[in-house]
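Observations on the three-dimensional arrangement
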Amino acid sequence: MKHIGEIDPLVPGRPNPSEQEREHLSRARLQQQKEDGYQQLVELCLLGEYDAARQLANRNSRWGYQIVGGEVIERID
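Report on the accompanying structure. These figures come from a predicted structure and were not determined experimentally.

A word on the overall build of the chain. Along its length, the chain carries 2 helices and 2 strands. Secondary structure elements of the chain, listed N to C terminal, follow the sequence α-α-β-β. Relative to its length of 77 residues, the chain is extended, with a C-alpha radius of gyration of 19 Å against a globular reference of 11 Å. When the backbone C-alpha atoms are referred to their principal axes, the chain occupies close to 60 × 30 × 15 Å. A separation of at least 24 residues holds for 32% of the contacts in the chain among residues at least 6 apart in sequence. Roughly 6,700 Å² of accessible area belongs to the chain as shown, and the carbon and sulfur atoms make up 51% of that amount. With 10 positive and 13 negative side-chain charges, the chain shows a spacing of 5 Å between the two charge centroids.

Structure representation (structure tokens):
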């Protein structure tokens, strides 16, 4: 984030990223969500909240995980 003194009020808005940059940012964001989701699922399983973990995994199928026997495993479709 820029300090207020570094902002030029005459420059219009943010630069538009290219399609390739957008694609890269989208993949990076999805990967980060997947990693964060995995961490949440593991924590729920460590607490013994297997049903909550299973529900969370089902609601967020894009993460690609499922709960089997109280463990987080990668879903194979």
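To continue, consider the packing of aromatic side chains. Taken as a whole, this structure holds 1 aromatic pair when the rule is applied. Where Tyr38 meets Tyr65, the ring centres are 5.2 Å apart and the plane angle is 50 degrees; that geometry is what we call tilted. Within this pair, whereas Tyr38 is found in helix α1 (residues 19-46), its partner Tyr65 is found in strand β1 (residues 65-68), the two being separated by 27 residues in sequence. Its relative accessible area of 12% is what places Tyr65 among the buried residues.

Criteria and thresholds
- Residues numbered from 1 in each chain as written.
- Predicted model: local features only at pLDDT ≥ 70, side-chain atom pairs only at ≥ 80, totals over all residues.
- Heavy atoms only, no water.
- Helix = DSSP H or I, 4+ residues; strand = E, 2+ residues; numbered from the N terminus.
- Rg over C-alpha atoms; globule rule 2.2 N^0.38 Å.
- Contact = heavy atoms within 4.5 Å.
- Areas by Shrake-Rupley, 256 points an atom, 1.4 Å probe, with all protein chains shown as cover.
- Lys, Arg positive; Asp, Glu negative; His and termini not counted.
- Charge placed at Lys NZ, Arg CZ, Asp CG, Glu CD.
- Phe/Tyr/Trp six-rings, centres within 6.5 Å; stacked < 30°, edge-to-face > 60°.
- Buried < 20%, exposed > 50% of the residue type's maximum accessible area, 1.4 Å probe, protein only.

These figures capture arrangement, not role.
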